[in-house]
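# Coordinate inspection notes
Listed below, chain by chain, are the residues.
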Amino acid sequence: MKSIGIIIALGVISMTFIQCKKKKDIIGSSDAMETIEEIRMREIIIEPEYQWPGETDAFNLISSSSSGDTLILEVEYGGGCEAHGWKLLSNNVWMKSLPPKMNLYLEHDNKGDMCRALITEKLYFNLEPVKYSRGKQAIFIVNNDSEKPIDYRY
């Protein structure tokens, strides 16, 4: 009876290790190990009357890219004592160009955080609401930085 209990316990432990490895393979990559809990998909706010204020609380856009229907913005900012707020806005106006281009505006609210740690964070946004309906490609420009266009193919 004891040997059956030991065999069952070893089987359960083995399955636990196998499942952990599979989860790591599914959600990890060699570039960045991110768990599902760390990724928070945000929505792009579409406001037809939106006007870019020209500035926002300080941050540096380190990189920008798209993967599938996800826009990935890597930002760097000072803080560390408060949770910062981020909004990505669009007035949904397409430029007359091929491929079509649209400006997106990333606003940062530091919530009055005066701490001095340098924070790097990846922000994930769902691109589905701003797909160009008459094509399979679009270019997005964040905060009027035409030096870093984001090519979105779908």
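Placed above this text is the structure.
Residues numbered from 1 in each chain as written. Predicted model: local features only at pLDDT ≥ 70, side-chain atom pairs only at ≥ 80, totals over all residues. Heavy atoms only, no water.

Let us now look at the pattern of salt bridges. By the definition in use, this model includes five salt bridges. One salt bridge connects Asp-109 with Lys-111, and the closest N-O pair in it is separated by 4.0 Å. (Salt bridge = Lys/Arg side-chain N within 4 Å of Asp/Glu carboxyl O.)

With that settled, the discussion passes to the sheet that holds strand S8 (residues 117–126). Read from one edge of the open sheet, four strands run S1-S8-S4-S3, paired in mixed fashion. In this open sheet, the two strands that pair with only one neighbour each are strand S1 (41–43) and strand S3 (60–67). Geometrically, the sheet is characterised by an average inter-axis angle of 35 degrees between neighbouring strands, direction not taken into account. The pairing of S3 with strand S4 (residues 70–79) spans seven bridges and is classified as antiparallel. (Pairing = 2+ DSSP bridges. Helix = DSSP H or I, 4+ residues; strand = E, 2+ residues; numbered from the N terminus. Axes fitted to C-alpha atoms, helices over the stretch in contact; angles between N-to-C directions.)

This part is about the side chain of Asp-113. Structurally, the position occupied by Asp-113 is in the loop between strand S7 (101–109) and S8. Among buried Asp, Glu, Lys and Arg side chains, Asp-113 stands out as unpaired, with Arg-116 the closest opposite charge at 10 Å. One polar contact links the side chain of Asp-113 to the main-chain amide nitrogen of Cys-81, over a distance of 3.0 Å. Looking at Asp-113, its side chain comes within polar contact range of the main-chain nitrogen of Cys-115, at 3.0 Å. (Buried < 20%, exposed > 50% of the residue type's maximum accessible area, 1.4 Å probe, protein only. Lys, Arg positive; Asp, Glu negative; His and termini not counted. Polar contact = N/O pair within 3.5 Å; in protein donor to acceptor, adjacent residues only side chain to side chain.)

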